[in-house]
Amino acid sequence: MSANPPVDVQQFGQSIWLDFIRRSTTQGGELARLIAEDGVVGVTSNPTIFQQAIGNSADYDDAIATMLDHDGYAIFEALAVDDIREALELFRPIYNSTSARDGYVSLEVSPLIANDTASTTSEALRLFKLVDRPNAMIKIPATDAGLPAIEDAIAAGVNVNVTLIFSVENYVAVAEAYIRGLERRLEQGLPVDKIASVASFFVSRIDVAVDRMLDNNIRAAQTRGDLARVTLNNQLKGKAAIANAKIAYKRFKDLFYGERFARLRAAGALPQRVLWASTGTKNPAYPDTLYVDMLIGRDTVNTLPPKTLSAFKDHGTAADTLDGDYDDAERTMDMLAEVGIEFDKVTAELQLDGVESFVESFNMLLEQVEAKRDVLKTGVMKQQEVAVGVQHEQVERTIKTLAEAHTNPRIWAHDGSVWKDNANIREKIEQRLGWLDTLKTIDLDRVRALADRAWGFTPSHVVLLGMGGSSLAPEVLYRTFGSGANRPAFLMLDSTNPQQIAHVASQIDLANTIFIVSSKSGGTIETASFYRYFFEQTKRNGAQFIAITDEGSQLEADARANNFAEVFLNPADIGGRYSALSYFGLVPAALLGIDVDRLWASAERMIIACGANIPHEQHPGIWLGAIMSVLAQDGRDKVTIITSPSISTFGNWAEQLIAESTGKEGRGILPVVGATIGKPHDYSTDRLFIHVRVDNDDNAEIDAGVLALQQAGFPCVLLRLSDSYAIGGEFFRWEYATAVVGKLLEINPFDEPNVTESKNNTSRLLEHYQQHGSLPAVEPLVETANVQLYADERMSKLLSDLCTQHQFEHNTLGGLLAAQVNATQAGDYFAILAYLPMTEAIDGQLEHIRRRLRHVTRRAVTLGYGPRFLHSTGQLHKGGANNGVFIQITHDAETDSAIPDAPYTFGVLQAAQAAGDLEALQSKQRRAVRLHIKGDVIVGLHKLLDAIELAGERRQ
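Structural notes, computed from the coordinates. (Residues numbered from 1 in each chain as written. Predicted model: local features only at pLDDT ≥ 70, side-chain atom pairs only at ≥ 80, totals over all residues. Heavy atoms only, no water.)

It is worth spelling out the overall build of the protein at this point. Along its length, the protein carries 39 helices and 24 strands. Dimensions of the protein, computed from the C-alpha atoms along their principal axes, are close to 115 × 70 × 65 Å. Counting contacts in the protein only where the partners sit at least 6 residues apart, residues at least 24 apart contribute 80% of the total. Carbon and sulfur atoms provide 48% of the accessible area of the protein, an area that totals close to 36,000 Å². (Helix = DSSP H or I, 4+ residues; strand = E, 2+ residues; numbered from the N terminus. Contact = heavy atoms within 4.5 Å. Areas by Shrake-Rupley, 256 points an atom, 1.4 Å probe, with all protein chains shown as cover.)

So this is what it looks like as structure tokens:
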């Protein structure tokens, strides 16, 4: 082994070039080191190298940011030319000292014109002039169209690196083209002494192709029992490439050291050296320096990828291995023919494949450049700050893993195998990916037209009748933007509580109200009940109703039959919780006079920033999803979403998206929304904080709170929004991030298997009501003047044991609740499930309970109103990890309302939903109790608050 093989080969007439270029390598000093220490005297590049350098790194982002109005090719060319020029300056001393023998850097003409002679010639001349350095080389492929372009370029004085040569015959044709080009210059009286060219003869790819064919022969011979044939084919493996190269080198010597080149040599012309390309060993069974050690000789170049260069320096051998007897090489080629290898076909296919591969890489390169331009243009990545401490490296590793699995392009290709391999599940997932395509599938003109639609009356209100994901986005938009000037007010009904329904009814001018019936399936019991109630109230006036549903649903049929004013058929492959940017979100927005175009523009910016060609490490959706997943897997599975005042309800939408998508198969992420920011000591170590901040809001208090949490060591992510309309983009970012979480948690983020359990329980209880005139009676565990505590047998025993352990009174409401409050462990959370009217007073009291419970226990506390939470966090409660403590709160409604065409009232429906949900929790062995309040709800809630304070006293 030589002392420094890459340098030592120079004594045998070989030059080592580097098959790699990247801005950080050139500007960071690594290329200069390779020149000084490792004998590198030139560089080759190709579309694949640039695609990896530009597309898969941030090295070029600052430069791209200065060219945001250019197209992809113009940006690429500017970047590539700058890189080539910088490298050329480093190699200029070598070029001068070797009298133009070495010191070259190659830039390839576009592979898109590989089959067009005139365009290739023109482009070679243009690029050589553009780079404007004497030691630049322009790469031209050795295709039929490329051969005359090579001759023309040489004749014009352009240094040429001829690429994609696989066969000896093709090599000879390339050498002849070079010689003819020099002869034309000589005949014109032009100098030939400074014109250089190399013929890039590809090596390892040949062995890959031939070995594959030999393996097929071996399998066939084994089947026949022909052991001699098996042996012969085995002996030929790994031999074709070297043999082919040696024969080509023999032809090189014949051509450039014979009479044909003598006149040109006398005029100072340089021989067109053979450059061994594709020298990285593909087969791990072969030595990693095979195609270097065996191809060393006079007037050759070996261009090595960094890994092969490092290996050659470490354990390569510098010795002349090309000169000598070429009979072995000829015999190898004869034996290959004998076993049926048609070498001409192999090399022809390899050249064709090589051109196609470079075309594919070049197209991908342009797409990635344009994608980077787009993401930089949106500024999304610059508007996020990540402080996740020691987990940052794991997040980056996770993103790299996602990139290696080609996750982003596969998601955009609607590939369900990203999440699950089972064919049936995969197919169902692929039918739920329409949220990726809303820019193409949503008729925005039709949505816009709603703003000017004639109604025959002056709308005073828009009432959305819905449930779950399809109704929460409109509520967020209304709470964020309100109604436009002279536009109707907005109310949303997603509660079966009779008092809530009565409250909505009392707020509207019935004859001048537009009702939006919003249901993907068209059969959701709550939405169907709301619709029937208000349809009768309006005397069945379909002109006041709009339907948003899937094609073929019962709601569509009803809407057509009852002459609804509008029927919007949403794409069926969009699930409810992923529907914010579909008709479910946009139709209400347009009716309220919200600037739909501005909202849509922000969504489009984010969709572009998350596009199919965006590198994973610069993808805002992937970053957010990876952060949530990595932190969750490290025990920080409670994501607290903190929002600026103007978008304060955004968390409600994100809550249902995350909880229903991830809470299954015994795992999941618990979103905590709507809570005030506590002090660092209010939280355990199971938290991740995500701050969605609108820049022009009054954020002083929130900023201070988040800063205190970050300084205390809590992982925090800041997402900056330039204005409130950027919420349109956030809808998409969080949808994409949630899909990524599903991938990383190995669950299906598009189903909701446990939601059905509560629905089935409700249906069974309603059937019982119809048969017996009442719901099943249950005895309370303990009762005070106006509050009853219910628990199943398992939970009753647990509470009793906890009272004994913590020395609370067994027979009091306060004692039993306080014992449970004090009996949680790290990682647990509380969920308050309120089947109550959503009045300001009740909401305020529940929020106070929530704050005190968090302060006393340091546990995450969520608050959900029933039945709306059944379509969001309800999935996680039953499908996620068993680490929740559930406090369901019901009450005796003061009023009730009949549901048209139903044998039960809204009050009975809500009671059945609460009981059905409690049964589902109990069947999953969850720690669940029910508090039923008779009379004043606020007074009853004080009983729960007293129990929390009692627990707090014991902790002091």
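Further remarks concern the sheet that holds strand β17 (residues 687-694). On the basis of which strands lie adjacent, the open sheet formed by five strands has the order β9-β18-β17-β15-β16 and mixed pairing. Only two strands of the sheet have a single neighbouring strand rather than two, namely β9 (384-387) and β16 (670-673). Across the sheet, the mean angle separating the axes of adjacent strands is 15 degrees when strand polarity is ignored. Of the strand pairs in this sheet, β9 and strand β18 (residues 716-721) are connected by four bridges, and their pairing is antiparallel. Its bridge partner being in β18, Glu385 is matched across the sheet by Leu718. Taken strand by strand, helix α29 (residues 620-633) contacts β9, β15 (638-643), β17 and β18, and its axis lies near 150 degrees from that of β17. (Pairing = 2+ DSSP bridges. Axes fitted to C-alpha atoms, helices over the stretch in contact; angles between N-to-C directions.)

Moving on to helix α7 (residues 117-131). With 15 residues, α7 extends 21 Å from end C-alpha to end C-alpha; this agrees with the ideal 21 Å at 1.5 Å per step. Along α7, the positions that sit buried rather than exposed are Thr120, Thr121, Glu123, Ala124, Leu127, Phe128 and Val131. Down the axis of α7, the buried set is contained in an arc of 165 degrees. They therefore lie on one face. α7 presents Ala118 and Lys129 as exposed residues on the side facing more than 90 degrees away from its buried surface. Residues of α7 that are buried make contact with α6 (72-97), β3 (104-108), β4 (136-141) and α8 (146-155). (Expected span 1.5 Å × (residues − 1). Buried < 20%, exposed > 50% of the residue type's maximum accessible area, 1.4 Å probe, protein only. Arc of directions from axis to C-beta.)

What follows deals with unusual backbone geometry. Of the consecutive residues Gly866 and Pro867, the connecting peptide bond is found in the cis state with omega at 5 degrees. One can find Pro867 in the loop between β22 (860-865) and α37 (873-879). One non-glycine residue, Glu665, lies in the positive phi region at around 55 degrees.

Moving on, we get to the pattern of salt bridges. Summed over the entire model, instances satisfying the criterion amount to 58 salt bridges. Residues Glu37 and Arg33 are paired through a salt bridge, measuring 3.0 Å at the closest nitrogen-oxygen approach. With Glu37 and Arg33 both in helix α3 (residues 30-37), this residue pair falls four residues apart, about one helical turn. Salt bridges sharing partners connect three or more residues here, namely Glu30, Arg33, Glu37, Asp38 and Lys313. (Salt bridge = Lys/Arg side-chain N within 4 Å of Asp/Glu carboxyl O.)

Moving on, we come to the pairing of strand β2 (residues 40-43). A regular strand carries its side chains on alternate faces of the sheet. In this structure, strand β1 (residues 14-18) lies alongside β2, joined through two bridges in parallel fashion. When the sheet's bridge partners are listed, Ile16 is paired in β2 with Val40. The pairing of β2 with β3 spans two bridges and is parallel. When the sheet's bridge partners are listed, Gly42 is paired in β3 with Tyr104.

Turning our attention to the sheet that holds β2. Spatially, eight strands are ordered β1-β2-β3-β4-β5-β6-β7-β8 in a closed barrel, and the strand pairing comes out parallel. Between one strand axis and the next, the sheet turns through 30 degrees on average, direction left out of account.

The next subject is the nonpolar core. Grouped together as the largest cluster of nonpolar side chains are 224 residues, with contacts concentrated most on Tyr171, Met628, Trp653 and Trp734. Top contributing element to this core by residue count: helix α17 (residues 343-378), with twelve residues. Contacts of Tyr171, omitting those with residues within four sequence positions, involve Ile165, Ala199, Phe201, Ala248, Arg251, Phe252, Leu255, Phe256, Gln272 and Val274. (Core = buried A, V, L, I, M, F, W, Y, C linked by side-chain atoms within 4.5 Å.)

Here Gln656 is to be found in helix α30 (residues 650-662). In contact with Gln656, not counting residues within four places along its chain, are Gly469, Leu472, Arg577, Ser661, His871 and Ser872.

With that out of the way, let us pick up the packing of aromatic side chains. Here the structure, examined in full by the defined rule, presents 45 aromatic pairs. Relative to Trp734, the ring of Phe650 lies with its centre 5.9 Å away and its plane at 75 degrees, an arrangement referred to as edge-to-face. Here the residue Phe650 occupies a position in helix α30, and Trp734 occupies one in helix α32 (residues 727-745), the gap between them amounting to 84 residues. Its relative accessible area of 1% is what places Phe650 among the buried residues. Lying over the aromatic face of Trp455, Arg453 brings its terminal NZ or CZ to 4.6 Å of the ring centre. Positioned above the aromatic ring of Phe808, the side-chain terminus of Arg954 is 4.1 Å from the ring centre. (Phe/Tyr/Trp six-rings, centres within 6.5 Å; stacked < 30°, edge-to-face > 60°. Lys NZ or Arg CZ within 6 Å of the ring centre and 35° of its normal.)

It is worth spelling out the environment of Glu427 at this point. The topology assignment puts Glu427 in helix α20 (residues 423-430). Judged by relative accessible area, which is 45%, Glu427 ranks as partly exposed. For the pair Glu427 and Ala557, spaced 130 residues apart in the sequence, the C-alpha separation amounts to 27 Å.

The subject of this paragraph is the packing of α6 against α7. Running from N to C, α6 and α7 point in directions that differ by 55 degrees, and their axes come no closer than 10 Å. In terms of their interaxial angle, α6 and α7 are classed as oblique. Once α6 is placed against α7, the crossing between them reads as right-handed. Across from Tyr73, Glu77, Val81, Ile84, Arg85 and Leu88 in α6, the residues of α7 making contact are Glu123, Arg126, Leu127, Leu130 and Val131. Its residues placed into classes, the contact of α6 with α7 shows seven nonpolar, no polar and four charged. (Parallel < 35°, antiparallel > 145°, perpendicular 65-115°, else oblique. Left-handed = near helix turned anticlockwise from the far one by under 90°. Nonpolar A, V, L, I, M, F, W, Y, C, P; charged D, E, K, R; others polar.)

On to the packing of helix α23 (residues 469-481) against helix α27 (residues 583-591). For the pair α23 and α27, the least separation of the axes is 8 Å and the interaxial angle reads 35 degrees. For the pair α23 and α27, the sense of crossing is right-handed. Side by side, α23 and α27 meet where Ser470, Pro474 and Leu477 of the first sit next to Phe584, Gly585, Pro588 and Ala589 of the second. Its residues assigned to classes, the contact of α23 with α27 shows five nonpolar, two polar and no charged.

We now examine helix α18 (residues 392-404). Between its terminal C-alpha atoms α18 stretches 19 Å, which fits the 18 Å expected from 13 residues at 1.5 Å a residue. Among all positions in α18, only Val395, Thr398, Ile399 and Leu402 are buried. Taken end-on, α18 shows its buried residues confined to a sector of 100 degrees, consistent with a single buried face. Exposed residues on α18 whose side chains face more than 90 degrees from its buried face are Glu393, Lys400 and Glu404. Positioned one or two residues after α18, His406 has a phi angle of 55 degrees, which is positive.

Relative to the helices and strands, Gln391 is located in the loop between β9 and α18. Residue classification places Gln391 among the buried residues on the basis of a relative accessible area of 14%. Excluding anything up to four places from it in sequence, Gln391 contacts Val630, Leu631 and Asp634.

Moving on: the environment of Leu944. The topology assignment puts Leu944 in helix α39 (residues 937-955). Separated by 353 residues in the primary sequence, Leu944 and Leu591 have C-alpha atoms spaced 42 Å apart. Discounting chain neighbours no more than four positions away, the residues touching Leu944 are Leu817, Ile849, Ile887, Ile889 and Leu931.

Looking now at the environment of Glu779. Its place among the elements puts Glu779 in the loop between α33 (755-772) and β19 (782-783). Using a relative accessible area of 68% as the deciding quantity, one classes Glu779 as exposed.

Turning to a negative patch on the surface, a few remarks are in order. Together, Asp325, Asp327, Glu330, Asp334 and Glu338 make up a negatively charged patch on the protein surface. Along the chain, Glu338 falls in helix α16 (residues 327-338). (Patch = residues over 30% accessible without salt bridge, like charges linked within 9 Å, V, L, I, M, F, W, Y side chains within 5 Å. Lys, Arg positive; Asp, Glu negative; His and termini not counted. Charge placed at Lys NZ, Arg CZ, Asp CG, Glu CD.)

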